[in-house]
Amino acid sequence: MRRFFNGLINVFSSLGLSCVLLLLLALLTFLGTLEQVDHGLYEVQKKYFESFFLVHDSGAVPIPLPGANLVLCVLAANILLGGMIRLRRGWRTAGVFVTHIGIAMLLLSGFIKMYHSQDGHVTLYEGEQSAEFQSYYRWELAVIEEAGNGELTEHIVPQEKFLHASDGQSVTLSSPELPFELEVANVMRNSRPMPKGPMFEVDVPVVDGIFLKEQDLVSVAEQNIAGAYVTAVTADGERQEGLVWGVERHPFTVRADDKNWGITLRHERYPMPFSVRLDRFTKEEHPRTNMPSVFSSDVTVVEDQTSRGVEISMNEPLRDEGLVLYQASWGPSNARPGDPLFSTLAVVRNPADQYPLWACWVIAIGLLLHFGLKLMRYIQIEAKAS
Amino acid sequence: MIRWKNLLAIALGAAALCIPAAAQHDSPSQGTRQAAWSEQTLDLAGRLPIQDGGRVKPLSTYASFTLLRLNGKRSLTTPADEKLGATEWLLDVFFYPHAAADYECFLVENREVIAAMGLKFDDKKARDRFSFFELQPGFERLYDLADEYKHLEDSQRTPVQQQIVILASNVSLFFSIVGHLDFARIEIPVGADPEVRALFDGQEAIGYSELVGKAKELRDIFRRTGEDRTSPAFALLGLGGELARSAETLALVPPAASAADEPEWLTPSDLFWISYESGQIDDEHIATLTAFEAIAKHRDDEAGFERELGGLLANTSGLADARGEYGKIGLEVNYYKSKLIMRSLVLFILAFLLAAFLWLFPKGRVGRILHGGASGAVLVATLLLCAAITIRCMIRGRPPVSTLYETLIFVTAVGAIVALITELINRKRIAVSTAAFLGMVGLFLANGYETLDKQDTMPSLVAVLDTNFWLATHVTAITIGYSAGMLAAFLASAYLLAKLVGFRRTERGFYKNLARMTYGVLAFAIIFSTVGTILGGVWANDSWGRFWGWDPKENGALLIVLAQLTILHARMGGYLREHGIAMATAFHGTVIAFSWFGTNLLGVGLHSYGFTSGIHTALWTYYYVQWGIVGLGGVAFLMERSRIAASKPDAKKAPATAGEIAVASTEPATQRP
Amino acid sequence: MRSAGSAAWALLALVAGGCAGGANEYVIDVKRTVQDDNGLRWDATAEERFGMRPMSKPSSTTEVSQQSSGPFDWTAPSGWTQVAPTMMRVVNFMAGEHQEVQCYVTILAGDGGGALSNVNRWQDQLGLPDLTPEQFDRLERHPVLGTDGVLLEARNDSDFMYGMVCELPGQAVFVKMTGPLHEMSGERDKFLAFCTSLKEKG
């Protein structure tokens, strides 16, 4: 048993394993790069880089491969065992040791980011304010009721609970606080509402002359807009059916218990510990061109009755309370001069935000130490030789 | 009669080309230049400032990239067999538009484009140049087709469709500049109306500058007379508006206000509309227009032309200087005039030839002279290149690398410097020869890239790139990584080819040295590519909120790092020895090429800058050559092993242990799986 | 060794994936209270909710009432819609029941390559053989812009074309009308009327 264990340690700390892992990672990176041309970044990232195992379709034969997630896990063990714990100590390996610490930090930051971060965006027109940001890809269903004092109560259903309700399946959502059950069916991952014309028939229900048309999934994942049919069924059996669509401007409203209830499908939202108000968005172009030279958003950060003004611009994010807000984009792209513009701020909650920078310093120092010593020895040898 | 003909012509966007035959003898746009433009004229014209592509540049730069875009090169041969430089050509377009429309300045890469336009030429080659007049009957069809293809994505267009879109845009560009000075040469008849006449001191005909000066007054008369659209005042304004339309492309006039208040320069057209709407027109601006008119009048009189051109230059450069926008014009003019990169290329070629002879005649005095000559040529070439890069940095106020073109010259310079330092350390003549080769290839590619891309190589940068801190750190580091990696790949290729042909077969020291150099340069490369790649992530984290997004360019950089780390670890583990490392390092040259250019060709991601098929060809040529060398290296390895096996039957001892590092070994290379 | 490891990981991943499959009933247990920042509307119509607009005409065919453009005045026949001129088309119309017919005027400097070669260029666009000089001489002439315009009438299996070439001193003016066969009936008179109505401005 002990021998087996030692053998295992030997394998995990070996340079041979390092080479195999580096080559595998290179192969996955290469394939994942080429696949992006046809399948888009989002799908490729899930399949090649965030997975433990995958089957690559090479056209001729399917090739099973370990995913980059698995390779990196093993690589972390390899670096820890071979590159640090079992490394011979001394000046000759000091640089290598330091470099490996840096790489391990980098891997650690990657794992933290992958499992403990949230990202999304908050999009505001000038004058608008928000204390939430929303996902680019994930969806949620919300049932909304008025709570008085200008507040709303939202009952939230994450996408895992309803996104599979297609192909004749339906999902029933309920809550003791709601006077109805909600049946969700015909969920489409990419859809568009269209008026039903007299010249064609559709195989989904038509509500108020409008139906949801399923669209092919597109490779740019954030362009897929989910849609669904929802039916509110009250205790006395009354059914109210409607459409919900991922980027709808207003909710589908049902009446129950003499009250309005809004039902909406939207990108998943995350609360922020403060709210931001967009005061002014500035977009400048290089003179006489359409090439942007500066984007920036003047925002007010409001938190516990205090507020402060901040400018967020390209390469100059706002970091506050574990969140980072970046100037990401703006729109509408077809706006004419004078039209109101919106600004999209990317929002990321990443506990490992600054690790890569520190890791970079450590790695740079390690590499310089290692190769600097080597270079000095080499110069000495050459000097002796001549 | 003449008046409406002019209008008709202007409606086409190019008054100059449409003057009726009957009026040809006295039309100001007809005629041909009698003598070559003088040196003095070219110098003055070249220094005129123009705002184009978001920055203020000399007219000579504008002319040179415009001609490159239309003609595929920066010079042109006229039907009279005169060879013109770009500035000369632009002056002809401005002042002898009719003659210039006969110059074959439209390069059409494929005869099918001409056929698609419904034209037939029996005397043209498959790839040939055409004049404006030759193409003209097909314009209607050309624009129809281009409108249709414009809606396709670049990648979806066939080459012919792509060229049709390009040709249509080139024709539009020519249209927009060929009539640009019509305002300066056309005399505007005032008409008989006494009130309008009085406005112009009773003159029968006036110039555009005078019309611009009184545009507001004319408008007031028009308003006072009940907005009668048949009134003489309105007719005159209409004519001014039409002339203005043909001069709305080139922003040759700096505003009188500060650059912060009014960043956009003005065209002669803008001046008309500013005056028309506000009545506020600066005296300097009227003077600018008058200067253009005076120049146009003196086009056939060298001394007068030079004098008036000097006046215009003094006027606009003075305005630009007051805004702090003229300071670097002289530097840029001199940069292009000095042809530093071309001279550097010539020296690299010379050095390469000397180095080639050096390896043929390595011994004695001849060898020493050749070595000295090659080293000197490489040194001077590198210094010239560094000077060029430094001047570019000064002109742009930026770190050395911010465009793909600049990566090429920077990589070449850094590669040459690293090779020279290596040569300084070991003086084995290998590094300096590689430097010569690398310099030659690098600058050939840079020139080729510039010709294919046809864009100003000192462009304005989009917002996210507009950060000198990250350009100086991440971009510079990663580019140095490319450079050293490529140098290592070249050294390794030299190792493999030398082995293949049996060069100095008996000298173990030669190969050992080469291997050491390769390793040293590779180590240098690892530092920069690793740090550069991570810094790229840190930058991305600061501008988009994600350290790593698996974008193709990021992946490309990662691939380089992984390739280099694999080689390093395989060497440590003894899995690869001298020969194996050379093969792997040579192969990793194609990984660098993929990251540097190949990822841009994929057409996805944040770093794809838009590309041409010529680069595709060059890239694949390099892949095949480099893979060929690696393959031949494998052959050389097998040959060597069988030779050793034949001479030493008991030589097949066990491979070295993992701890024994290949570099210390003088044994023939052995590979272990 | 390695393959055993990855198999184990794969198994783990499969098990994890299996658990993620959704059930068909769910009790909502996430609730939160938010500010009604954007003023929730309870009475939006379906069109308002989805940002749909009532059907409207395409905006590219802005009707222009004026009877002059570029260097010309003219009288437009009934049923023709003037559209914005382009760089080449100084006067530009759409016609026909489904607006599939195009008619426009272009001007070229010089002789534009000569009337015969231009007529043949049009022939070529319809996939028809070149006219011989004799055939060209037999084409109808009409008085247009103070000169004799040459009228070409050509058709192939799907399209019909009327073309008028007028050679003026130093330039050539072309009027061309093309469209699908079924749309072109009755357009000949209108085309000729339009051509003869063209006048130099001023």
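Student: Just checking my understanding: could you explain the overall build of chain C for this structure?
Tutor: Along chain C, the regular secondary structure elements total 5 helices and 12 strands. Going through the 202 residues of chain C one by one, you find that 29% of them count as buried. Summarising the internal contacts of chain C: among those between residues at least 6 apart in sequence, 45% fall at separations of at least 24.

Student: Quick question: what am I supposed to make of the overall build of chain A here?
Tutor: Looking only at helices and strands, one finds 5 helices and 18 strands in chain A. Against the globule reference of 21 Å for 386 residues, chain A gives a C-alpha radius of gyration of 27 Å, more extended than a compact globule. On the principal axes, the C-alpha backbone points of chain A span a range of 95 × 55 × 45 Å. For chain A, the proportion of its 386 residues judged to be buried stands at 34%.

Student: How do you make sense of the interface of chain A and chain C when you look at a structure like this?
Tutor: Interfaces are frequently sized by the accessible area removed from exposure as the parts join. Counting residues at the interface gives 37 residues for chain A and 29 residues for chain C. Going through the elements one at a time, β4 (129-148), β5 (151-158), β6 (170-174) and β13 (259-285) of chain A are the ones with two or more residues in the side of chain A that touches chain C. By residue number, the principal contributor to the side of chain A that touches chain C is β5(A), which donates 7 residues. Of the residues that constitute the side of chain A that touches chain C, the class distribution is 16 nonpolar, 14 polar and 7 charged. Looking at chain direction, β5(A) and strand β2 (residues 30-35) of chain C are connected through 6 bridges and run antiparallel. If you follow A:Glu154 over to β2(C), its bridge partner there is C:Arg32.

Student: It is not clear to me how the environment of A:Thr289 should be interpreted in this structure. Could you clarify?
Tutor: With respect to the helices and strands, A:Thr289 occurs in the loop between β13 and β14 (292-303). Aside from chain neighbours lying at most four places away, what touches A:Thr289 is B:Gly53, B:Gly54 and B:Ser460.

Student: Teacher, can you tell me more about the nonpolar core here?
Tutor: Soluble globular proteins tend to bury their nonpolar side chains together. Residue and element names in this part refer to chain B. Ala351, Ala374, Ala436, Leu487, Leu491 and Val521 are the most contacted members of the largest nonpolar core, which has 157 residues in total. Broken down by element, this core gets its largest block of residues, 18 residues, from helix α24 (residues 508-543). Non-local contacts of Ala374, meaning those with residues more than four positions away in its chain, are made with Ala351, Leu354, Ala355, Leu358, Val432, Ser433 and Ala436. Judged by nonpolar contacts, the second largest core, of 87 residues, contains Phe65, Leu142, Ala215 and Tyr276.

Student: Honestly, the sheet that holds strand β11 (residues 239-245) of chain A in this entry has me stumped. Any pointers?
Tutor: Note: strands within a sheet are paired through backbone hydrogen bonds, in either parallel or antiparallel orientation. Strands sit in the order β11(A)-β10(A)-β7(A)-β6(A)-β1(C) across an open sheet of 5 strands; the sheet is mixed. Each edge of the sheet is formed by a strand with only one pairing partner; in this case those strands are β11 of chain A together with β1 (25-27) of chain C. Strand-to-strand, the axes of this sheet are offset by a mean angle of 25°, without reference to chain direction.

Student: How do you make sense of the sheet that holds strand β11 (residues 171-180) of chain C when you look at a structure like this?
Tutor: All names here are of chain C. The antiparallel open sheet is built from 7 strands, whose spatial order is β5-β6-β7-β11-β10-β9-β8. What marks the edges here is a single partner per strand, and that holds for β5 (81-82) and β8 (140-144). As paired elements, strand β10 (residues 159-168) and β11 share 10 bridges and run antiparallel to each other. Opposite Met161, over in β11, you have Thr178 as the bridge partner. Along the sheet, helix α5 (residues 187-197) makes contact with β6 (89-95), β7 (101-109), β8, β9 (147-155), β10 and β11, crossing β8 at roughly 45°.

Student: Please explain the pairing of β7(C) as it appears in this structure.
Tutor: Consecutive residues of a regular strand have side chains that alternate between opposite faces of the sheet. Residues and elements named next belong to chain C. Within β7, 8 of the 9 residues are buried, which leaves the element mostly enclosed by the surrounding structure. Pairing between β6 and β7: 6 bridges, direction antiparallel. Its bridge partner lying in β7, Asn92 is registered against Tyr104. Where β7 meets β11, 8 bridges bridge the pair, whose relative direction is antiparallel. Each bridged residue has a counterpart across the sheet, and for Gln102 the counterpart in β11 is Thr178.

Student: Quick question: what am I supposed to make of the packing of helix α20 (residues 364-396) of chain B against helix α21 (residues 404-426) of chain B here?
Tutor: When two helices pack together, their arrangement is given by the angle between their axes and by how far apart the axes lie. Residue and element names in this part refer to chain B. One way to put it is that α20 packs onto α21 with a least axis distance of 10 Å and a crossing angle of 140°. The interaxial crossing formed by α20 with α21 has left-handed handedness. The segment α20 lies against α21, with Ser375, Val378, Leu379, Thr382, Leu385, Cys386, Ala388 and Ile389 engaging Ile409, Phe410, Thr412, Ala413, Ala416, Ile417, Leu420 and Glu423. Its residues assigned to classes, the contact of α20 with α21 shows 12 nonpolar, 3 polar and 1 charged.

Student: When you look at the interface of chain B and chain A in this model, what are you seeing that I'm missing?
Tutor: Facing the 52 residues of chain B at the interface are 52 residues of chain A. Going through the elements one at a time, α21, α24 and α25 (552-572) of chain B are the ones with two or more residues in the side of chain B that touches chain A. A breakdown of the residues in the side of chain B that touches chain A according to their chemical character gives 29 nonpolar, 17 polar and 6 charged.

Student: How should helix α23 (residues 468-501) of chain B be read in this particular structure?
Tutor: The periodicity of an α-helix, 3.6 residues per turn, causes residues three or four positions apart to be oriented the same way. Residue and element names in this part refer to chain B. Helix length check: α23, at 34 residues, gives a terminal C-alpha distance of 48 Å against a target of 50 Å (1.5 Å per residue), a fit within 8%. Its maximal kink placed at Thr476, α23 deviates by approximately 25°. Looking one or two residues past α23, Gly502 carries a phi angle of roughly 75°, positive in sign.

Student: Looking at this model, I keep getting lost on the pairing of strand β1 (residues 49-52) of chain B. Mind explaining?
Tutor: Residues and elements named next belong to chain B. A two-sided burial pattern is seen for β1, the buried positions comprising Pro49 and Gln51 on one face and Ile50 and Asp52 on the other. Sheet topology places β1 next to strand β2 (residues 55-58); 4 bridges connect them, and they run antiparallel. Note that in β2 the partner of Ile50 across the bridge is Lys57. Connecting the antiparallel pair β1 and β2 is a turn made up of 2 residues, with Gly53 showing a positive phi of about 60°.

Student: Would you mind showing me how to read the confidence of the model for chain C here?
Tutor: In low-pLDDT segments, the atomic positions of the prediction should not be examined closely. Residues and elements named next belong to chain C. Scored by pLDDT, chain C comes out at a mean of 75, with 77% of its residues at no less than 70. Confidence over residues 54-66 falls short of pLDDT 50; this stretch has 8 contacts with residues more than four positions distant or in other chains. Predicted complex, confidence summary: ipTM 0.86, pTM 0.80.

Student: What is the right way to look at unusual backbone geometry in this model?
Tutor: The phi torsion of most residues other than glycine is negative, and most of the peptide bonds are trans. Positioned with a positive phi, A:Asp258 is a non-glycine residue whose angle comes to about 60°. Mapped onto the fold, A:Asp258 is located in the loop between β12 (252-256) and β13. Accessibility expressed as a C-beta count within 10 Å gives 6 for A:Asp258, which makes it exposed. A positive phi angle, close to 45°, is found at B:Arg427, a residue other than glycine. Assignment of secondary structure puts B:Arg427 in the loop between α21 and α22 (430-453).

Student: I'm lost on the environment of A:Ile379 in this one. Help?
Tutor: Residues and elements named next belong to chain A. Within the element layout of this structure, Ile379 appears in helix α5 (residues 355-385). In this structure Ile379 comes out as partly exposed when scored by C-beta crowding, with 13 C-beta atoms within 10 Å. Counting along the chain gives 292 residues from Ile379 to Leu87, while the straight-line C-alpha distance between them is 26 Å.

Student: In this structure, what is going on with the packing of helix α3 (residues 59-71) of chain B against helix α4 (residues 86-95) of chain B? I would like to understand it.
Tutor: All names here are of chain B. With their axes 8 Å apart at the nearest point, α3 and α4 run at an angle of 90° to one another. Relative to α4, the element α3 is oriented roughly perpendicular. Across the interface between the two elements, Ser60, Ala63, Ser64 and Leu67 of α3 pack against Ala86, Thr87, Trp89 and Leu90 of α4. Tallied by class, residues from the contact of α3 with α4 come to 5 nonpolar, 3 polar and no charged.

Student: What is the right way to read helix α4 (residues 91-116) of chain A from this model?
Tutor: Residues and elements named next belong to chain A. Taking 1.5 Å of rise per residue, 26 residues should cover 38 Å, and α4 covers 37 Å from first to last C-alpha, within 8% of that figure. Those residues of α4 not exposed but buried are Thr99, His100, Gly102, Ile103, Leu106, Ser109, Gly110 and Lys113. Elements that come into contact with the buried residues of α4 comprise α3 (68-85) and α5.

Student: Help me understand the environment of B:Pro28 in this model?
Tutor: Residues and elements named next belong to chain B. Residue position: Pro28 is located in the loop between α1 (2-11) and α2 (39-46). Pro28 sits 157 residues away from Arg185 along the chain, and the two C-alpha atoms are 6.2 Å apart. Contacts of Pro28, omitting those with residues within four sequence positions, involve Arg185 and Ile186.

What counts and what doesn't
Residues numbered from 1 in each chain as written. Chains lettered and ligands numbered in written order. Predicted model: local features only at pLDDT ≥ 70, side-chain atom pairs only at ≥ 80, totals over all residues. Helix = DSSP H or I, 4+ residues; strand = E, 2+ residues; numbered from the N terminus. Buried ≥ 20, exposed ≤ 12 C-beta atoms within 10 Å, placed from the backbone. Contact = placed C-beta atoms within 7 Å. Rg over C-alpha atoms; globule rule 2.2 N^0.38 Å. Nonpolar A, V, L, I, M, F, W, Y, C, P; charged D, E, K, R; others polar. Pairing = 2+ DSSP bridges. Core = buried A, V, L, I, M, F, W, Y, C linked by C-beta atoms within 7 Å. Axes fitted to C-alpha atoms, helices over the stretch in contact; angles between N-to-C directions. Left-handed = near helix turned anticlockwise from the far one by under 90°. Expected span 1.5 Å × (residues − 1). Bend = angle between axes of the 7 residues up to and from the residue. pLDDT = per-residue confidence, 0-100. Parallel < 35°, antiparallel > 145°, perpendicular 65-115°, else oblique.

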